[in-house]
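Chain by chain, the residues:
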Amino acid sequence: FVVFFFSSRRRHTRCREVSWARRCVQETALMLEIHTLKENLHTTRQELTQALYQHEASCRVICKLIKERDQAKMELAELKVNMEKEKPKLTIEQTPPKGIDEKLAEKFYELSESLIKARK
């Protein structure tokens, strides 16, 4: 009675099992890496969307402030022009206040007129 033992067949079967196991581990690692990359992509897209929204809001606020500044400048210029037009002329009444004699009042008026001219 003779028994043949084919060790090479067993070895090939083990190699297949090892290569299949390696392939499964590699595929699993690849799937995990793809999943991680997709999560990172989603997070990055959300951050980018938020940043773009904030940038757009900042631009709108800046435009609004620039318009308000320009409007305030125009109103100030108009106000200056109107003030120049409506500037009251300084006139001094020639009637002396009660209790002051006319000579002293006349000196006060002359002095005030000279001071007004000096200011201009």
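Since we're looking at a predicted model, the values are computed, not measured.

J.: Before we go on, may I ask you to explain the overall build of the chain in this structure?
T.: What the chain contains, in helices and strands, is 2 helices and 0 strands. Looking at the chain as a whole, 2% of its 120 residues are labelled buried. Carbon and sulfur atoms provide 60% of the accessible area of the chain, an area that totals close to 12,400 Å².

J.: What should I look at first to understand a nonpolar patch on the surface in this one?
T.: Residues Leu76, Leu79 and Met83 make up a contiguous nonpolar surface patch of about 310 Å² in total accessible area. Structurally, leucine 79 is set in helix α1 (residues 7-85). Overall, the relative accessible area of 47% leaves leucine 79 in the partly exposed class.

J.: For this particular structure, what's the right way to read the pattern of salt bridges?
T.: Pairing is possible between side chains that carry opposite charge, provided their charged atoms lie close to one another. Taken as a whole and judged by the stated rule, the model has 2 salt bridges. Across the salt bridge formed by arginine 60 and glutamate 56, the nearest N and O atoms sit 3.9 Å from each other. With arginine 60 and glutamate 56 both in helix α1, this residue pair falls 4 residues apart, about one helical turn. Among the residues examined, arginine 60 registers a relative accessible area of 47% and is labelled partly exposed.

Conventions and cut-offs
Here the residue index of a chain counts from 1 through its sequence in written order. Owing to the predicted nature of the model, reporting of local features is limited to residues with pLDDT of at least 70; listing and counting of side-chain atom pairs is limited to 80 or more, with chain, interface and lining totals taken over all residues. Note: side-chain values were computed over all heavy atoms of the structure, leaving out hydrogens and water. A run of DSSP states H or I qualifies as a helix once it reaches four residues; a run of E qualifies as a strand once it reaches two. Both are numbered from the N-terminal end. Per-residue accessibility, obtained with a 1.4 Å probe over protein chains only, is compared with the maximum for each type, and a residue is labelled buried under 20%, exposed over 50%, and partly exposed between these values. Each accessible area value is a Shrake-Rupley result obtained with a 1.4 Å probe; residue values ignore everything except the protein chains displayed when judging cover. Nonpolar side chains (Val, Leu, Ile, Met, Phe, Trp, Tyr) within 5 Å and like charges within 9 Å form the patches, drawn only from residues with over 30% relative accessible area and no salt bridge. Take a side-chain nitrogen of Lys or Arg and a carboxyl oxygen of Asp or Glu: if they are within 4 Å of each other, that pair is a salt bridge.

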